[in-house]
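These are the residues of each chain, in order.
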Amino acid sequence: MVKKAELHVHLEGTATPALVRELAGRNGAELDPTTFASDGEFRWDDFWDFLKCYDKAAAAIKSIDDYRAVTYDYLRRCAEEDVIYVETFSSPDHAAAAGMSYVDHLEGISAGIDDARRDFGIECRIIVTCVRHLGASSATQVARQVAQNPHPYVVGFGMGGDEAMHHPADFAPAFNIVHEAGLPTTNHAGEFGGPDSIRATLEHLPVVRLGHGVRAIEDDQLVEELAEKAITLELCPGSNIATGLYENYKSHPINRLMEKGCRVTISSDDPPFFATSVGREYEQTAKAFGWNEATMQQITQNAIEAAFCDEGLKEQLLAQL
Ligand code: ADE
Ligand code: ZN
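Below: a short report on this structure. (Residues numbered from 1 in each chain as written. Chains lettered and ligands numbered in written order. Predicted model: local features only at pLDDT ≥ 70, side-chain atom pairs only at ≥ 80, totals over all residues. Heavy atoms only, no water.)

## Some words on the overall build of the protein chain
We count it as follows: A helix here means a DSSP run of H or I that spans at least four residues, while a strand means a run of E at least two residues long, and both kinds are numbered starting from the N terminus. In this description the radius of gyration comes from C-alpha coordinates, and the expected globular size is given by 2.2 Å times residues to the power 0.38. Burial classes follow relative accessibility: with a 1.4 Å probe on protein chains only, a residue under 20% of its type's maximum area counts as buried, one over 50% as exposed, and anything between as partly exposed. A contact between two residues is defined here by any heavy atoms of the two lying within 4.5 Å. Methods summary: accessible areas were calculated by the Shrake-Rupley approach with a probe of 1.4 Å, and residue burial reflects only the protein chains presented. By the counting scheme adopted, Arg and Lys are positive, Glu and Asp are negative, and His together with the chain ends is not counted. Positions of charges follow a simple convention, taking NZ of Lys, CZ of Arg, CG of Asp or CD of Glu.
When helices and strands are counted, the protein chain shows 14 helices and 8 strands. Over its C-alpha atoms the protein chain spans a radius of gyration of 18 Å, differing by no more than 12% from the 20 Å that the globule rule assigns to 321 residues. For the protein chain, the C-alpha atoms occupy an extent of roughly 50 × 45 × 40 Å along the three principal directions. Here the protein chain holds 321 residues, and 60% of them are scored as buried. Once local pairs closer than 6 in sequence are excluded, the contacts in the protein chain between residues at least 24 apart make up 74%. Here the protein chain displays about 12,500 Å² of accessible surface, and carbon together with sulfur accounts for 48% of that area. Within the protein chain, one finds 27 positive and 50 negative side-chain charges whose respective centroids are separated by 2 Å.

Right, here's the structure in full:
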């Protein structure tokens, strides 16, 4: 099987409904009953409702050991699909809402990474994210925590949340704090925003990758610019289909973006919410476009080359391909 690498997945969004229920039961957290549908899966009906459902599920992750369990369980599932490297987003704002400190949430995630490496041989690093719709001052607070608490597994900074809220320029102070601390950055842009949202991100934030960036396809000149600047796109086809951006894998722009010279990668974003996994994303995308194993392996190589981890780890990962 083709070895895989993932650059874009939200850790709180990897917890399955079963794990969320188990954690809530264990730590006495009250789960909002609207979190789940009658079949037991997460219940949401559009992107904004998904963001709310995400918050409700994340509220069950309340302790260092909960974060360890969520990380370990996700990496176990990834290793079963020949994923060799995961770069996961963590959200200190969600951790804080559940009563946890920045340092404690990282301790839990790091323990999960260490345990998964020991048991499954998979590697993982962390990109700390802020949440766009919480505004610039929350983002700056998160950025300060990142800069003031260097951690060997924290390799980057990013921003998720509602792309329609605020302007990228508002977040320049936050992004510049981590950039000046020497960490690379990525931002969700061109998911629910169009080409202008991507242009504003490139103009105001020191990003080297884009979360999604898929809607660049609506502007040929922008696609050329992304290819020329070698900005890696963290594409998540199944996520885009689940949230209604595209009808199916065949109509997703990933193949066209690749043919136009963009550096594309494949990720799962929030797998149990979108009924997917890294393995399924590779498989469905390859099937839709008739990709062979060499193309899939190139996607993995793109991801490792664009990863935010250190060069030594990249060499080890590339040697496994
Ligand atoms: N947070 C979790 N998943 C997200 C997504 N797909 N877009 C923006 N923010 C998110
Ligand atoms: Zn995302």
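## Some thoughts on the packing of aromatic side chains
Applied cut-off: Aromatic rings from Phe, Tyr and Trp, with only the six-membered ring used for Trp, were paired whenever their centres fell within 6.5 Å, and each pair was classed as stacked if the ring planes differed by under 30 degrees, edge-to-face if by over 60, and tilted otherwise. Only when the NZ of Lys or the CZ of Arg is both within 6 Å of the ring centre and within 35 degrees of the ring normal is a charge said to sit over the ring.
The tally for this structure, following the rule as stated, stands at 15 aromatic pairs. Plain terms: the ring middles of Phe-47 and Trp-48 are 5.5 Å apart, the flat faces sit at 85 degrees to each other, and that makes the pair edge-to-face. Judged by relative accessible area, which is 39%, Trp-48 ranks as partly exposed. Taken together, the aromatic side chains of Phe-36, Phe-42, Trp-44, Phe-47, Trp-48, Phe-50, Tyr-54, Phe-192, Phe-273 and Phe-274 make up a single cluster linked through ring pairs. Over the face of the ring belonging to Tyr-282 we find Lys-4, whose NZ or CZ atom lies 5.9 Å from the ring centre. Just above the ring of Tyr-72 sits the side chain of Arg-68; from NZ or CZ to the centre is 5.5 Å.

## Notes on unusual backbone geometry
Positioned with a positive phi, His-212 is a non-glycine residue whose angle comes to about 70 degrees. Within the element layout of this structure, His-212 appears in strand β6 (residues 207-212). For His-212, a relative accessible area of 0% gives the class buried. Here Ala-230, not a glycine, exhibits a phi torsion of approximately 55 degrees, which is positive.

## Some points on the sheet that holds strand β4 (residues 154-160)
Heads up, the rule is: If DSSP finds at least two bridges between two strands, the strands pair. Axis definition: a line fitted to C-alpha atoms, over the contacting stretch in the case of helices. Angles run 0 to 180 degrees between N-to-C directions.
Reading across from one edge, β1-β2-β3-β4-β5-β6-β7-β8 is the order of the 8 strands in this open sheet, with parallel pairing throughout. Only two strands of the sheet have a single neighbouring strand rather than two, namely β1 (4-10) and β8 (263-266). Each strand of the sheet is rotated relative to its neighbour by a mean of 25 degrees, with strand direction disregarded. Pairing of strand β5 (residues 185-189) with β6, which is carried by 5 bridges, proceeds in the parallel orientation. Bridging across to β6, Ala-189 finds its partner in His-212. Each of β4, β5 and β6 is contacted by helix α7 (residues 172-180), which is oriented at about 170 degrees to β4, the strand it contacts most.

## So, the site of ligand 1
Our working rule: If a single non-hydrogen atom of a residue is within 4 Å of a molecule or strand, that residue counts as near it. Throughout this description, a polar contact denotes any pair of N or O atoms lying within 3.5 Å of each other; where both atoms belong to protein, one of them has to be capable of donating a hydrogen while the other can accept it, and for residues adjacent in sequence the pair is counted only when both atoms sit in side chains. Amino acid classes used here: Ala, Val, Leu, Ile, Met, Phe, Trp, Tyr, Cys and Pro are nonpolar; Asp, Glu, Lys and Arg are charged; the rest, including Gly, are polar.
If you check the shell around ligand 1, you find His-10, Phe-47, Phe-50, Leu-51, Tyr-54, Gly-160, Gly-161, His-188, Glu-191, His-212, Asp-269 and Asp-270 and nothing else. Residue His-10 places a side-chain N or O atom 3.4 Å away from a nitrogen atom belonging to ligand 1. Here Asp-270 contributes a side-chain N or O atom positioned 2.8 Å from a nitrogen atom of ligand 1. For ligand 1, the accessible surface in isolation is 260 Å², of which the surrounding protein chains cover 96%. The element that contributes the greatest number of residues to the shell around ligand 1 is helix α2 (residues 47-58), accounting for 4 residues. A breakdown of the residues in the shell around ligand 1 according to their chemical character gives 4 nonpolar, 5 polar and 3 charged.

## Concerning the pattern of salt bridges
The criterion, for reference: Salt bridges, as used here, are contacts in which a Lys or Arg side-chain nitrogen is within 4 Å of a carboxyl oxygen on Asp or Glu.
Inspection of the entire model under this criterion finds 21 salt bridges. Arg-76 is paired through a salt bridge with Glu-80; the nearest N and O atoms lie 3.3 Å apart. Placement of both Arg-76 and Glu-80 in helix α3 (residues 64-80) is noted, with a separation of 4 residues, approximately one turn of the helix. Residue Arg-76 is classed as partly exposed on the basis of its relative accessible area, which comes to 29%. Judged by its relative accessible area of 57%, Glu-80 falls in the exposed class. Two residues, Asp-220 and Lys-260, come together in a salt bridge whose shortest N-O distance is 3.7 Å. Here Asp-220 is found in helix α9 (residues 220-229), whereas its partner Lys-260 is found in the loop between α11 (254-259) and β8, with 40 residues between them in sequence. Classification of Lys-260 as partly exposed rests on a relative accessible area of 43%.

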